[in-house]
Every structure is written in structure tokens, then in C-alpha cells.
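Spelled out, the chains give:
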Amino acid sequence: MAKAGTVFICSQCGHEESKWAGRCPECGEWNTFVESAGGSRARQAAGRDRPRGTDSIPLESLSADSGERSSSGIGEVDRVLGGGLVRGSSVLIGGEPGIGKSTLMLQVAAGAAGGDAPRGQTLAAAVEGATSRQRGAGRILYVTGEESAAQLKTRADRLGIGKNSVEVLCETDLESILRSLQNLKPVLVVVDSIQTLTSPELGNVPGTPNQIKYCCYEIISYCRERGCPVFLVAHVTKEGSIAGPKLIEHMVDTVLYFDQSESELRILRASKNRFGPVDEVGLFTMTARGLQEVKNPASLFIVQRENETPPGIVVAPVYEGSRVLMIEIQALVVPAKGAISRVFSDRIDSSRVSRVAAILEKHLSLRFSDQDIYVNVAGGLRIGEVGIELPLAFALYSARTSIPVSSKTAAAGELTLAGEVRSISHLSRRVRTAKEMGFDSFIGPASTDADQELVWTIVSDIAKAVKPVFA
Ligand code: TYD
Ligand code: MG
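A quick note: this is a predicted structure, and the numbers were derived from the prediction, not measured. Every residue gets a number counted from 1 within its own chain, in the order that chain's sequence is written. Labels follow written order: the first chain is A, the first ligand is 1, and so on. The predicted origin of the model limits local features to residues at a pLDDT of at least 70 and limits the giving and counting of side-chain atom pairs to 80 or more, whereas totals for whole chains, interfaces and linings rest on all residues. Values shown for side chains rest on all heavy atoms present in the structure; no hydrogens or waters enter the calculation.

## Comments concerning the site of ligand 1
Next up, step 1: Near ligand 1, the surroundings consist of 16 residues, among which Gly98, Lys101, Ser102, Thr103 and Gly290 are the closest.
Next up, step 2: For the area figures, the Shrake-Rupley method with a 1.4 Å probe applies, and any residue is considered shielded solely by the protein chains shown. In isolation ligand 1 has 560 Å² of accessible area, and contact with the protein removes 74% of it.
Next up, step 3: Helix and strand labels come from DSSP, where a helix needs a run of H or I of at least four residues and a strand needs a run of E of at least two; each type is numbered from the N terminus. At the level of secondary structure, the elements contributing two or more residues to the shell around ligand 1 comprise helix H3 (101–113), helix H5 (149–158) and strand S13 (281–287).
Next up, step 4: In terms of residue count, the dominant contributor to the shell around ligand 1 is H3 (3 residues).
Next up, step 5: In terms of residue class, the shell around ligand 1 is built from 5 nonpolar, 6 polar and 5 charged. We call a residue near a molecule or strand as soon as one heavy atom of that residue lies within 4 Å of the molecule or strand. Any residue that is not Ala, Val, Leu, Ile, Met, Phe, Trp, Tyr, Cys, Pro, Asp, Glu, Lys or Arg is counted as polar, Gly included; the first ten are nonpolar and the last four charged.

Here's what the structure looks like:
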């Protein structure tokens, strides 16, 4: 029998129940409920991220947040944040152990301190200027509960940033961290990781849902009040959902995920951003000297071949955030092994692949219903944009007919169920990138943003579209 005041919290999604349950009714995970005597306290913490005070203020009399941003010192991180770090904002950075969160955060801390090739106005410089060089102004604090100071120093030396002015605090006790924040008054804080922090008020076991919620709440509200941006590092479990940190996604302003594609590329993307778009990606490679930004990624996902391009392969310029990337779609079509045909595609949504195959079957009388379809995107990027449909249709057509598409041909466009080719956004920029990457032919829809200098083969429906490609 549960004691009065005890609640059970799902460690995956934060759902609370008064009784223990084997399966969480909210997220469907098994064996995730943990008993929590301080449930009401956690609830308070979770609810307290609303503005304090009871007096309302007329909207018109409020002063707008100018959205003042400073460079994090790393261009790709600024890009994902929507143009830099916003004062007082909280950023959760999630990823599997070993992906490079600590490396990235140390590089950000050093970059923001101006220790590593400053880019634009760094945080430290911005604050120093603003406060007429107060003592201690412009400090960057790196709180580590995962590594010792010596480990951190070794890593920093390896990264060539061991001589920067970042302050390091090896501490897991929340109250001590808050005291240090008060003394130091940093302009940027990194907490690595939020799962290691404990507040004695909630017991000594780190990583419980209550601890994570409470410690996160205390740190972000402290930083928000003082206009100091904070990065909170959090580990993701094997299942791919953030365990524990999922609970605090609603409290922070920005949620970033760091993961690795099939190639060595590491991808930073935002899944929530109160201060910017969520469609930008930051691209990095891990080298012996830490994470290097990938500045010109347009051709990164094209596979270079010595011989002729085999059937089933088509290149498409896709829009990722504000950049055009040339990506290679690969399709394979083989007679179905079972009674029903199946689609195997995890980079492009399978229902989109099925739909495009059905359009080809209907409008070009090309049979796919007795075939198994495999689709992949080279380099491991997941593509969710509609412009992929026309090149996907070409890849499927090519795979089914064994007629290859020229390696110099690129395509983009949306397909309707009636087989029409619809216009898509930023077509001129896509064509320009394709030309710059050495493609001599582009097949796509007509566009309102057509550039006089760029000429492409305009197609209006799928039956007409295959003619210039497979002639
Ligand atoms: P780390 O940043 O500690 O990952 P996380 O904090 O997400 O757990 O380390 C990522 C991996 O990168 C680690 O296995 C070692 C490797 N690495 C390099 O290859 N080069 C480097 O310069 C550094 C610092 C780490
Ligand atoms: Mg780490």
C-alpha cells in the first residue's frame, strides 16, 4: 500500500500515477514507474516554470525582448540555435553517450570565452564591453559532474583550447552549484550532465525524475533571472528517447539533439526552439582535435563513382534549414518474397515511397504491387521534404526498368496523386546548387522564383517527366 503523499513517476515521460503500474498509460513503456515521496515537490518544481507574481501587466506596456544574441563561438551551433545564444535562454542538449556532447560543450565554452578563434562578437567580449570591465565579468562556467578536472584539462589540451579562460567546477550538489553561480556571476553556464546533479532536499540518488526536474528548474530559473544562457547536457537511452531529460523538455527554451549519421558525420538539430526555427542542422566531423564544423556540405552526401552510375540512383537537391544539400537516393526493386509486397525505407517515410510507387503504377503502368521496394539515402540523412518525390519516382522507375539515370542529372519536385508535378519552394536555389556541383541537367516543375540565367527542363506530370530522363 502506497504511503500518503507518495506518487509514482514514469522515468521516461514524467507521467504521474497514484498507484504503481507495469506499463505507463502515457508513453506505453514497461517498468518505468519509480516511487517518489517528494512528488508534490516535483510537481511544484515542474509547475513553477511559469512566470512568478500575481499582478497582470497590460501587453502593450511590456518591453519586448530585443532577442539580443551572442555568438556561441561555433558557427554551426549558432546556426542551429537560430543565429546565436539568446540572453537568459536554456538549451537542453541530448545525445547518446560518446556522441561528443562534452567535446562540443567544451568547444562552445572556449569559443564563447574567445579562447578558440573568436568568431563575431563573443559572449565574454559582449559582456565586458557592456559592463565597463567589471571584475569577473565575462566568465564562462563549465560545471562537470561526469568528469574530473584533470580529465577535462586533458581533453581541453587535446582540443588545443587548454589555455582559455573557462572556469571549471567539478560538483554535483545543486546548492553548491547555485552558490558558485552567485559568486561567479558567469555569462554562460554549461552543466554536464543534468542527470548527475542532486539536491539533498530530494535524497542523494542522482537521475531520479524528481531530482532532474528540481535541479533543472532551479538552474534555469536562476539563469533566466540573470540573463545568463545555460546549456544542460543530457544522455539519451538506447531506445532513442531521452530518459529523464524528456521530463524537462517543456521547461527549457531550446532542445537540441546530437546524433551520428551512417557516415562519420555528426548532426546537431533542434527539436524545439522558442527563439528560432527548428529545421536547421549543424554538421560536424569528429577529428583528433575535436569536432570540426563542416562548412560546405552541399556535395557531402553525393557518392563519387569511377564507373557508370548503376540503375536506381538519382541525385536531388533538398532543403535542410537554410541550406541546399545534394543527396543521393538509392532504390532497389525485387520480386516480393511473400504474398504481399513490402517497402523497406527508413530515411524517407515508407508511406511516401508506397504513394510514389502507386503513382508510377497507375500513370506509367509500371507494376510494383508484386515487388519488394528498398529505398535508402546515402550518408544517412532523413529526408522529410516533399521535393524528394519526383527524384524518388525516377529512382524507383530506374530500379524497376534497370535503365540508369545520368550521373549529371538532378531532379526535385512534388507529385500529386493524379501524377502532376507540383512546384516546390526555393527552386532557383536548388538548381543553382546543382549547377555549381557540376550537374548539367535539372528536371523539375515550373517555378515562380525562376532565375533568368538558370535553365531547366520543366515537366508538368510524371508521364512527361520520365521522357527526358529515360529517353
Ligand atoms: P564525449 O564528448 O565525451 O561524448 P559524450 O559527452 O557525448 O558522452 O566524447 C565523444 C567521443 O569522441 C569519445 O569516444 C572520444 C572521441 N574524441 C575524439 O575522437 N577526438 C577528440 O578530440 C575528443 C575530445 C574526443
Ligand atoms: Mg560527456
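From this point, things continue past the structure.
## Comments concerning the sheet that holds S13
Next up, step 1: With respect to topology, 9 strands assemble into an open sheet ordered S8-S7-S9-S10-S6-S11-S12-S13-S14, the strand pairing being mixed. This sheet does not close on itself; its edge strands, each paired only once, are strand S8 (166–170) and strand S14 (290–293). Strand after strand, the sheet turns through a mean of 25° between neighbouring axes, direction not considered.
Next up, step 2: Two strands form a pair only when DSSP identifies at least two bridges running between them. Sheet analysis places strand S6 (residues 90–95) next to strand S10 (residues 230–235), joined by 6 bridges and oriented parallel. Paired with glycine 94 across the strands is alanine 234, a residue of S10. Fitted lines through C-alpha atoms give the axes, limited to the stretch in contact for helices. The angle between two N-to-C directions lies from 0 to 180 degrees.

## Let's talk about the sheet that holds strand S3 (residues 33–36)
Next up, step 1: The strand order across the open sheet built from 3 strands is S2-S1-S3, with neighbouring strands paired in antiparallel fashion. The outermost strands of the open sheet, each flanked by one partner alone, are strand S2 (16–17) and S3.
Next up, step 2: Here strand S1 (residues 7–10) pairs with S3 via 4 bridges, running antiparallel. What sits directly across from cysteine 10, in S3, is phenylalanine 33.

## A few points about unusual backbone geometry
Next up, step 1: The omega torsion across aspartate 192 and serine 193 is 0°, close enough to zero to call that bond cis.
Next up, step 2: Mapped onto the elements, serine 193 comes out in the loop between strand S9 (188–192) and helix H7 (209–225).
Next up, step 3: Despite not being glycine, lysine 185 has its phi angle at roughly 45°, a positive value.
Next up, step 4: Judged by relative accessible area, lysine 185 falls into the exposed class, the value being 59%.
Next up, step 5: In this structure, serine 365 is a non-glycine residue whose phi angle is positive, near 50°.
Next up, step 6: The residue serine 365 is located in the loop between helix H8 (350–364) and strand S18 (371–377) in this model. Here's how the labels work: a residue is buried when its accessible area is under 20% of the maximum for its type, exposed when over 50%, partly exposed in between, all with a 1.4 Å probe on protein chains only.

## Overview of the packing of helix H9 (residues 389–401) against helix H11 (residues 462–470)
Next up, step 1: It is the contact of H9 with H11, at a shortest axis distance of 11 Å, that shows an interaxial angle of 60°. Here the hand of the crossing between H9 and H11 comes out right-handed. For the pair H9 and H11, the contacting residues are Leu390, Ala393, Phe394, Tyr397 and Ser398 in the first and Ile462, Ala465, Val466, Val469 and Phe470 in the second.
Next up, step 2: Considering only residue class, the contact of H9 with H11 consists of 9 nonpolar, 1 polar and no charged. Crossing handedness is read from the near helix: turned anticlockwise from the far helix by less than a right angle, it gives a left-handed crossing, and turned clockwise, a right-handed one. Contacts are assigned to residue pairs that have any heavy atoms within 4.5 Å of one another.

## Quick look at the pattern of salt bridges
Should the charged atoms of two oppositely charged side chains come close, the side chains can pair.
Next up, step 1: Counted as salt bridges are all cases of a side-chain nitrogen of Lys or Arg within 4 Å of a carboxyl oxygen of Asp or Glu. Summed over all chains, the structure comprises 17 salt bridges.
Next up, step 2: Three or more residues are tied together by salt bridges with common partners; here these are Glu76, Arg79, Glu280 and Arg323.

## Topic: H7
Next up, step 1: Residue count minus one, scaled by 1.5 Å, sets the expected span of a helix. Between the first and last C-alpha of H7 there are 24 Å, a value that for 17 residues agrees with the 24 Å anticipated at 1.5 Å per step.
Next up, step 2: Here H7 lies mainly inside the structure; 15 of its 17 residues are buried.
Next up, step 3: Once H7 ends, the next one or two residues include glycine 227, with phi positive near 70°.

## Observations regarding the packing of aromatic side chains
Next up, step 1: In summary, the pairing rule links any two rings of Phe, Tyr or Trp, Trp by its six-membered ring, whose centres are within 6.5 Å, and it sorts them by plane angle into stacked for under 30 degrees, edge-to-face for over 60 and tilted for everything else. Tallied over the entire structure, the rule returns 5 aromatic pairs.
Next up, step 2: Ring geometry for phenylalanine 394 and phenylalanine 470: centres 6.2 Å apart, planes at 70°, overall edge-to-face. Taken as a pair, phenylalanine 394 in helix H9 and phenylalanine 470 in helix H11 lie far apart in primary sequence, 76 residues in all.
Next up, step 3: A ring pair is formed by tyrosine 397 and phenylalanine 470, whose centres lie 4.4 Å apart and whose planes are at 35°; its orientation type is tilted. Of this pair, tyrosine 397 sits in helix H9 while phenylalanine 470 is found in helix H11, placing the two residues 73 residues apart along the sequence.
Next up, step 4: An aromatic cluster is built from Phe394, Tyr397 and Phe470, whose rings are joined through pairwise contacts.

## Considerations on the environment of valine 303
Next up, step 1: As for its placement among the helices and strands, valine 303 is situated in the loop between S14 and strand S15 (313–320).
Next up, step 2: Expressed as a C-alpha distance, the spacing of valine 303 and valine 315, which sit 12 residues apart in the sequence, is 9.5 Å.
Next up, step 3: Here valine 303 is in contact with Glu328, Gln330 and Ala378, once residues within four sequence places are set aside.

## Concerning the pairing of S14
Next up, step 1: The sheet contact formed by S13 and S14 spans 4 bridges and is antiparallel. Within the sheet, the bridge partner assigned to threonine 285 lies in S14 and is glutamine 292.
Next up, step 2: The loop that links S13 with its antiparallel partner S14 comprises 2 residues.

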